[in-house]
Structure formats: structure tokens, C-alpha cells
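Structural description and commentary
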Amino acid sequence: MKSFSKNAILLFVLLAASHLNWSCKQQNKSNSTNSVTGVIDALPSFNEGTSKTDIITFVEAISDSTSNSYVKPEDRIACFDNDGTLWVEQPLPSQIFFVLDRIKELAKDHPEWSTEQPFKAVIEDDLETIKTFHTADVLKLVGTAQATQNVDHFDTVVTDWLSSAKHPVMKKPYTELVYQPMLELLDYLRAHQFKIYIVSGGSQEFMRAWAPEIYGIPKEQIIGSSFKRDVLKQGDSIRVVQTTDFDFNDDHEGKVIAISKFIGKKPILIGGNSDGDLEMMQYCDTANPLPHLLIYVNHTDGDREFLYDEHTAMGTLEKGMEVALRRGWTIIDMKTEWNKVYPND
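Now for a description of the structure that goes with this document. (Residues numbered from 1 in each chain as written. Predicted model: local features only at pLDDT ≥ 70, side-chain atom pairs only at ≥ 80, totals over all residues. Heavy atoms only, no water.)

1. Quick notes on the packing of helix H5 (residues 94-106) against helix H9 (residues 154-164)
Contact geometry for H5 and H9: axes closest at 11 Å, N-to-C directions at 100°. Our classification of the angle between H5 and H9 gives roughly perpendicular. Across from Ser94, Phe97, Phe98, Asp101 and Arg102 in H5, the residues of H9 making contact are Phe154, Val157, Val158 and Trp161. When its residues are assigned to classes, the contact of H5 with H9 shows 6 nonpolar, 1 polar and 2 charged. (Axes fitted to C-alpha atoms, helices over the stretch in contact; angles between N-to-C directions. Helix = DSSP H or I, 4+ residues; strand = E, 2+ residues; numbered from the N terminus. Parallel < 35°, antiparallel > 145°, perpendicular 65-115°, else oblique. Contact = heavy atoms within 4.5 Å. Nonpolar A, V, L, I, M, F, W, Y, C, P; charged D, E, K, R; others polar.)

Here it is, written out as C-alpha cells:
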């Protein structure tokens with residue numbers, strides 16, 4: 001797969017789109033030292049440090065019915081971004097590689113695409129033309145790649161692709177490029193009766209095909225950007241059709257809307273990695289009567305993963321970092337705080 005220019009990446013991103021901040025923090029940290037020591041192996045891929053201590057101290061405190069920070073199980077809601085928070089998102093979000101491959105596959109039944117943009121440029125790997133694409137062009141590509149006359153069949157399309165596709169840089173299956181420390185965190189939260197949601201700018205349809213098996217998060221708890229659906233009736237039978245019309249952008253303020261609309265209560269823990277996650281963190285942090293923990297994964301490891309900086313075309317963490325430092329949120333330094341990045345490292 002040829003690499004994309006920064007301008008093209010920015011267009012695609014439109015589609016695929018440190019410390020605790022909770023009441024009585026210092027008191028609970030001092031009171032829970034033994035608890036942290038007792039469960040420290042719950043996150044073995046985290047090195048000893050601020051982030052690991054913050055997470056365990058918080059979770060143990062809100063789970064302790066004798067603590068002033070106790071949170072009832074029904075209010076233990078956690079929301080995570082996906083790309084760059086739970087799995088790799090460079091040099092492009094993984095879904096984009098699926099879209100490009102899917103368009104080329106579908107082109108076999110659409111000879112007219114050989115002269116029709118934006119399909120022609122994708123088929124020919126014409127990066128100069130791709131650089132000129134407008135948002136509408138990219139939406140057309142993604143919508144076409146995901147369109148189906150029966151949404152019940154789309155999962156198979158995605159999982160078939162994942163079964164053979166490999167990341168162009170890491171040369172591994174995409175499902176092996178999930179972050180081991182975050183898998184451990186998900187398990188740790190489940191063990192403490194958290195209900196976990198994905199709230200991501202990636203396509204809801206794409207994530208729901210594979211994320212339940214990889215993360216242990218059921219489909220109904222996966223929220224993402226989406227395309228419009230329609231109902232097709234034939235006699236007494238009915239099925240759902242996935243259209244090419246864009247419906248909802250689950251990024252920035254869209255994540256706030258999604259949490260309010262689909263979850264109906266504020267989370268007490270949010271994990272993200274970019275400015276696109278900032279608004280849902282601010283929402284959680286605004287007039288929240290419950291203790292809450294906000295976590296940013298900072299991509300500082302260019303050897304084992306990808307180094308993000310001010311030139312990164314997606315996953316940029318600039319404004320979010322400024323707010324996180326000012327508000328005292330937890331910032332995971334991937335290079336120094338993770339002793340393992342991927343499950344098979």
C-alpha cells in the first residue's frame with residue numbers, strides 16, 4: 001500500500017474520523033496504599049509509576065463501599081476512544097486501509113469506476129488526484145465501501161478482510177496491533193463492575209464487526225460515526241439496508257452528543273489519545289458529582305510504535321495536552337510507562 005500525503009490523510013481523518021481529577025484525591029491515595037500494593041499485578045504491562053498508581057487508586061477507591069469515593073456499580077461507566085487509544089492508528093486509521101482495499105475489490109463489478117472519480121484514483125493509487133479530494137469525495141468512498149443490502153452480512157465482509165490483511169508498516173494482522181496495557185485495563189475495569197463503551201470517530205459498522213471479540217465489549221456498547229440506514233420490506237420479510245449517506249460524525253462534540261443520547265449518564269472514566277477526545281473528557285469533568293478519572297495515552301515511543309508530534313496528521317494531542325496538564329488529568333507516557341505495547345511483543 002503506497003503512503004498518503006498529509007493533505008490526503010487529513011481528508012480521510014474527517015471520516016475515520018498527570019493526575020486524577022476526583023474529589024478527596026489526596027486523602028484516598030494515602031488511605032489506599034495497601035490496596036494498590038495488593039492489586040498491582042492487575043496491570044502487568046504498566047511499569048510502576050504515576051499512571052498505574054492513579055488508575056488502581058481510583059478504581060479501588062470507587063469500588064470500596066466504605067470509601068467516601070464509592071460509586072455504585074450501575075454508575076461505573078467507562079468510555080474509550082478506539083484509534084490510537086486501544087489499537088494502532090498510524091500511518092492511517094486501520095479502517096481507511098479497509099476502505100481502499102474494499103473499493104478495489106468492488107471495482108471488479110463496476111468497470112465504470114475506471115473512468116469515474118473518486119474511484120479511479122483509488123484503483124490506480126493516484127496520490128496526486130487523491131490530494132485534491134474534497135470531503136464529499138472521501139465520504140463517497142467510505143459510504144460505498146460500507147454500503148450493503150443487508151447489514152447482517154457486513155460483519156463477514158470486515159472479518160474476512162481482517163483475516164488476511166496486514167498493517168503496511170508493522171507487517172502484522174491489525175487485530176494483533178491492539179495495546180496490551182489497555183486490554184489489561186479493560187479486564188481490570190470489568191472485574192470491578194464497570195460497563196465499558198467505545199465512543200470513537202471510526203465507523204460504527206466497521207468496529208462492531210470485530211471489536212466485541214477483541215475487546216470483550218458487546219456491539220450495543222460500541223458507538224461510532226455512522227451512515228444512514230433504511231428498511232427494505234419484501235412480503236413478511238424485512239431487512240436493514242446500509243446506505244451511502246453520511247449520518248453522524250462521532251468526533252469532538254459528537255462524542256458528547258453520543259454519550260448523552262446513547263448512554264444517558266456521564267462516565268466516571270474516559271480514555272482517549274487526541275484532541276478529538278477532549279470534548280467528551282471536558283463533559284465528564286463538568287459538574288460531575290461522582291469521582292472521575294480522565295486518561296490520555298501519549299504516543300511517545302517511535303521505536304515500538306509511532307511517535308506523535310505537532311506534524312502528526314491524525315491523533316494530534318495539542319489542546320488536549322494543555323487542558324490535561326492544567327486540569328491534572330492522567331497522561332500515560334507510552335515509552336516510559338508501558339513495558340509492553342502489543343500482545344505478542
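2. Details of helix H12 (residues 253-263)
Those residues of H12 lying buried are Gly254, Lys255, Val256, Ala258, Ile259 and Ile263. Two residues or fewer after H12 comes Gly264, characterised by a positive phi angle close to 85°. (Buried < 20%, exposed > 50% of the residue type's maximum accessible area, 1.4 Å probe, protein only.)

3. Some thoughts on the pattern of salt bridges
According to the stated counting rule, one finds 15 salt bridges in the structure shown. The shortest N-O distance in the salt bridge between Lys172 and Asp345 comes to 3.9 Å. Highlighted residues: Lys172 in the loop between H9 and helix H10 (180-191) and Asp345 in the segment after helix H15 (334-337), separated in sequence by 173 residues. In this structure Lys172 comes out as partly exposed when scored by relative accessible area, which is 25%. Across the pair Asp277 and Lys255 runs a salt bridge, and its minimum N-O distance is 2.4 Å. (Salt bridge = Lys/Arg side-chain N within 4 Å of Asp/Glu carboxyl O.)

4. Focus: the sheet that holds strand S7 (residues 330-333)
The sheet built from 7 strands is open, its strands ordered S4-S3-S2-S1-S5-S6-S7 with mixed pairing. Looking at which strands have only one partner, the edges of the open sheet turn out to be strand S4 (237-248) and S7. Geometrically, the sheet is characterised by an average inter-axis angle of 30° between neighbouring strands, direction not taken into account. Direction of pairing for strand S1 (residues 77-80) relative to strand S2 (residues 195-203): parallel, over a ladder of 4 bridges. Paired with Ala78 across the strands is Ile196, a residue of S2. H10 contacts S1, S2, strand S5 (269-272) and strand S6 (293-298) of the sheet and is inclined by roughly 165° relative to S1. Contacts from H12 reach S1, S2, strand S3 (222-234) and S4 within the one sheet, and its direction differs from that of S2 by about 140°. (Pairing = 2+ DSSP bridges.)

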